[in-house]
Amino acid sequence: MLHAWKGTGSRLKPLSFTLIMTLVLAALPWGHSLYGQQYNGRGGRLQDFVSVAAADTFRIMVTDLKPADQVNFGLIKICINLHHGRTSDLKLTLVNPAGQAIWLSNRNGGETGRNYTETCFSRQGFFGYIHEGENPFNGDYLPDGRFDVLDEGPQPPNGEWQLIVQDLREEVTGILGSWNLYFGTIPSRTTDWCSTQEPDRCTLSEAQPDGALLPDLVMLPSFTRAQFIEYPPDHNTFPRQIKFAATIANIGFGPMETRGSGRWYCGEQAVANGASPCADGTLPRQEILQRIYYKQNGMINHRDTAAGTNYLDLKPGHNHFHVDDWVEYKLLRVTHSGEEEVVCAGEKVSYCLFDSGACQENDPLCAIGQVQYGPQNLPNYGFGRYVNCRDGIQGISVGGYDTYGSMYEGQSLTLPPGTVNGRYVLQITVDPNNQYRESDEDNNVLRMVFHLQKQQPTGEK
Ligand SMILES: [Zn+2]
C-alpha cells in the first residue's frame, strides 16, 4: 500500500498532503485513490487490574480528512505495538468519532501468550481472525468485532478516535508502545441485503413466500475445538478447570432480536431501573421481548412476544447487559458400557447478544458437519444489525455469530475432585430453557469429544 504521508504528530499537514495527493492522482489511470492517510498515536503505561477493571484511553484527533470520494472512504486499518506479559488479560476496543465501538481483540492469547507486535486489524485480515492467531500476532488480522460498524457516523470520519485498553486480570502489566490509524478508500457498502427497508430481498421459500422469519440458533464447533484448555488439580489459579470458547450463530430466516420492555423487577417487586442492587444483593431483572419479523404481502412486519430477562452484568470486562440463561455447559463421561453420565454441570450462563462476527462466503469457521453457512446458502443473510450490549436492543443477525472466548468469565467448568483422565463429551446448549422461538428447536446442542489428560490417572472405580 502506498502511504502519501507519514508523520510523527497526530495531525496531517494539509500542504504536503494536497501536493502528494495531486501527484498520486495524476499518476493513476482512472483517478482511483489508492493513497492512504496515516495518523500516529502515542502509547503509554497500562494500569493493572486491581479489584476493578482498569481502562486506559488513548486518543488520536483526526481533523484533516477531505476525501474526493466521501461515500467509500473510511478507516482501512489500525496497527498497534503493545507489550504485555499475558495478553489474555486485555480487551482492546476502538471507538470512532461518532461513538461506535468495536472489539479489536478480547482476551486473546491463551494462558501464557505475550505481546502484540506490529499487529494490524483490517477489513481483509489476511491472517484470519485475531482469536485464531498466536502471539505476538504479527500481521494483518480480522478483529473480534465487525469492522464495518466503524463506518457509521459522519463522513469523512474526522474527530476523536479512541483506543481503549482494559486489563481484566491482576498481576501482569504492560505498555502500549504506539498505534496508527490508516484511512483511505474502502470497499463499497453492501445495501442489497434483506431488511425491513428491502422486503423484496427477504424470502421464506418459493412455495411459501409469506410467514414468520424465525431465527435458528446453532453452536459453531470450530471455535470450541480451537479453544479448549485443561488445568491440572495443582494449578495455582484454575485447579481442575476446563475452559472453552462457545460461539452461537444464527442460520435462520430472520434475526434473533431481543428488546427491553422497560419493566424491571427485584423478584416480584417492580423497581425503577436496573442500576442499583436489590435487597438480597442480586441485580434487578428486566423482562425482555423477542421481536419476530413476518413477511406479509410484500412487507416486513413484526410482533413482540414475551421471552426471558436481562440484567446489568458487572463482572470485569463486561459492565453491560446480559441475557439470562443463554447457554448451559455439561461434561459427560462415557462409561465402559457406552452410557453417558453427567460429571459436572455449570450454572446457566448469561451473554450479551451481539454480532461479534459474521460468517463469510464459504467460511470454514461456520461449518457444521459438511455444511458451511454463509451468504451463499442463507437467503436472508445480513438481516439485523446488533452492535452493542445496552439494555434496549440486542441480537444476532442472520449469518452473524456471537463468540465467547475461553478466557472470558464463566467459560469454564470445575471438575469434581478425583476426576480421572479419559474420554469425555462437552455438551453446550444454547437457550436451554427454550424461551426463544426458532425455526428449528432441535439443533441447539453441540456435543464434542475431549480427552482429559491432566487429572488423576485412569483406574478401576
Ligand atoms: Zn458481557
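In case you missed it, the structure is sitting above this.
A brief report on the enclosed structure follows. None of these values were measured; they are calculated from a predicted model. (Residues numbered from 1 in each chain as written. Predicted model: local features only at pLDDT ≥ 70, side-chain atom pairs only at ≥ 80, totals over all residues. Heavy atoms only, no water.)

1. Some thoughts on the overall build of the chain
- Within the chain, the secondary structure is distributed over two helices and 29 strands.
- Counting all 461 residues of the chain, 52% fall into the buried class.
- When contacts within the chain are restricted to residue pairs at least 6 apart in sequence, long-range pairs at least 24 apart make up 71% of them.
- When the accessible surface of the chain is summed, it comes to about 20900 Å², and 50% of that surface belongs to carbon and sulfur atoms. (Helix = DSSP H or I, 4+ residues; strand = E, 2+ residues; numbered from the N terminus. Buried < 20%, exposed > 50% of the residue type's maximum accessible area, 1.4 Å probe, protein only. Contact = heavy atoms within 4.5 Å. Areas by Shrake-Rupley, 256 points an atom, 1.4 Å probe, with all protein chains shown as cover.)

2. Considerations on the pattern of salt bridges
- Tallied over the full model, the rule gives 17 salt bridges.
- Measuring nitrogen to oxygen at the nearest pair gives 2.7 Å for the salt bridge that ties Asp89 to Arg86.
- On the accessibility criterion, Asp89 (0% relative accessible area) is buried.
- Taking the shortest distance from any N to any O, the salt bridge between Glu287 and Arg263 comes out at 2.9 Å. (Salt bridge = Lys/Arg side-chain N within 4 Å of Asp/Glu carboxyl O.)

3. Here's the deal with the side chain of His320
- Summarising the element assignment, His320 is placed in strand β19 (residues 320-334).
- Here His320 falls in the buried class, since its relative accessible area comes to 11%.
- At 3.1 Å, the side chain of His320 and the backbone oxygen of His318 are in polar contact.
- Looking at His320, its side chain comes within polar contact range of the side chain of His322, at 3.3 Å.
- Once residues within four sequence positions are removed from consideration, His320 is found in contact with Lys91, Tyr311, Leu312, Asp313, Cys352 and Cys389. (Polar contact = N/O pair within 3.5 Å; in protein donor to acceptor, adjacent residues only side chain to side chain.)

4. Overview of the packing of aromatic side chains
- Within the structure shown, the criterion is met by 18 aromatic pairs.
- Ring geometry for Tyr351 versus Tyr404: centroids 3.6 Å apart, planes at 15°, classification stacked. In this pair, Tyr351 sits in strand β21 (residues 349-351) while Tyr404 sits in strand β26 (residues 400-404), placing the two residues 53 residues apart along the sequence.
- Exposure remark for Tyr351: the relative accessible area of 0% places this residue in the buried category.
- Accessibility expressed as a relative area gives 3% for Tyr404, which makes it buried.
- Grouped by ring-pair contacts, the aromatic residues Trp103, Tyr351, Phe354, Tyr404 and Tyr408 constitute a single cluster.
- A cation over an aromatic ring shows up here: Lys77 above the ring of Tyr182, its NZ or CZ 4.8 Å from the ring centre.
- The ring of Tyr311 has Arg285 sitting right over it, with the charged end atom 3.9 Å from the ring centre. (Phe/Tyr/Trp six-rings, centres within 6.5 Å; stacked < 30°, edge-to-face > 60°. Lys NZ or Arg CZ within 6 Å of the ring centre and 35° of its normal.)

5. As for the pairing of strand β5 (residues 101-106)
- With five of six residues buried, β5 is to be regarded as a mostly interior element.
- Pairing between strand β4 (residues 90-95) and β5: five bridges, direction antiparallel. Pairing of Leu94 across the sheet is with Ile102, part of β5.
- As consecutive antiparallel partners, β4 and β5 are separated by five residues, and within that stretch Gly99 has a phi angle of approximately 90°, a positive value. (Pairing = 2+ DSSP bridges.)

6. Describing the nonpolar core
- Among the nonpolar cores identified, the biggest contains 38 residues, and Ile248, Trp326, Tyr329, Leu331, Tyr351 and Ile428 are the most heavily contacted of them.
- Looking at this core, the elements with two or more residues in it are β11 (217-219), β13 (241-244), β14 (246-250), β19, β21, β28 (422-430) and β29 (445-452).
- Formed by 31 residues, the second largest nonpolar core is a distinct cluster that contains Ile60, Leu82, Leu104 and Ile130. (Core = buried A, V, L, I, M, F, W, Y, C linked by side-chain atoms within 4.5 Å.)

7. Details of the coordination of the zinc ion
- Listed as protein donors to the zinc ion are His318 (ND1), His320 (NE2) and His322 (NE2); their distances from the metal cover 2.0 to 2.1 Å.
- Of note, the zinc ion draws all its donor residues from one chain, in the sequence arrangement H-x1-H-x1-H. Here the two residues His320 and His322 agree in accessibility, since each one is buried. (Donors = N, O, S within 2.8 Å, 3.2 Å for Na, K, Ca; no water.)

8. Details of the sheet that holds β14
- Sheet architecture is open: four strands sit in the order β11-β14-β26-β22, paired in antiparallel fashion. Each edge of the open sheet carries a strand with a single partner, namely β11 and β22 (357-358).
- In terms of strand pairing, β22 meets β26 through two bridges, oriented antiparallel. Note on β26: the bridge partner recorded for Ala358 is Gly400.

9. Looking at the state of the cysteines
- The final tally for this structure, using the stated rule, is five disulfides.
- Here Cys194 is linked by a disulfide to Cys202, with a sulfur-sulfur distance of 2.1 Å. Between Cys194 and Cys202, the S-S torsion sits near 100°, and that sign places the bridge as right-handed.
- According to the relative accessible area criterion, Cys194 is buried, its value standing at 2%. (Disulfide = S-S within 2.5 Å.)

10. Some details on the pairing of β26
- Of all five residues making up β26, five are buried, and the element is well covered by its neighbours.
- Side chains Gly400, Asp402 and Tyr404 project from β26 onto one buried face, and the interleaved Tyr401 and Thr403 project onto a second face that is buried too.
- Note that β14 and β26 share four bridges and pair antiparallel. Among the inter-strand pairings, Thr247 is bridged to a residue of β26, identified as Thr403.

11. Digging into the sheet that holds β5
- Ordered in space as β2-β8-β4-β5, the four strands form an open sheet in which the pairing is antiparallel. The sheet terminates laterally at β2 (54-62) and β5, the two strands that pair on one side only. Averaged over all neighbouring strand pairs, the angle between strand axes comes to 20°, with direction disregarded.
- Here nine bridges tie β2 to strand β8 (residues 159-167), and the two strands are oriented antiparallel to one another. (Axes fitted to C-alpha atoms, helices over the stretch in contact; angles between N-to-C directions.)

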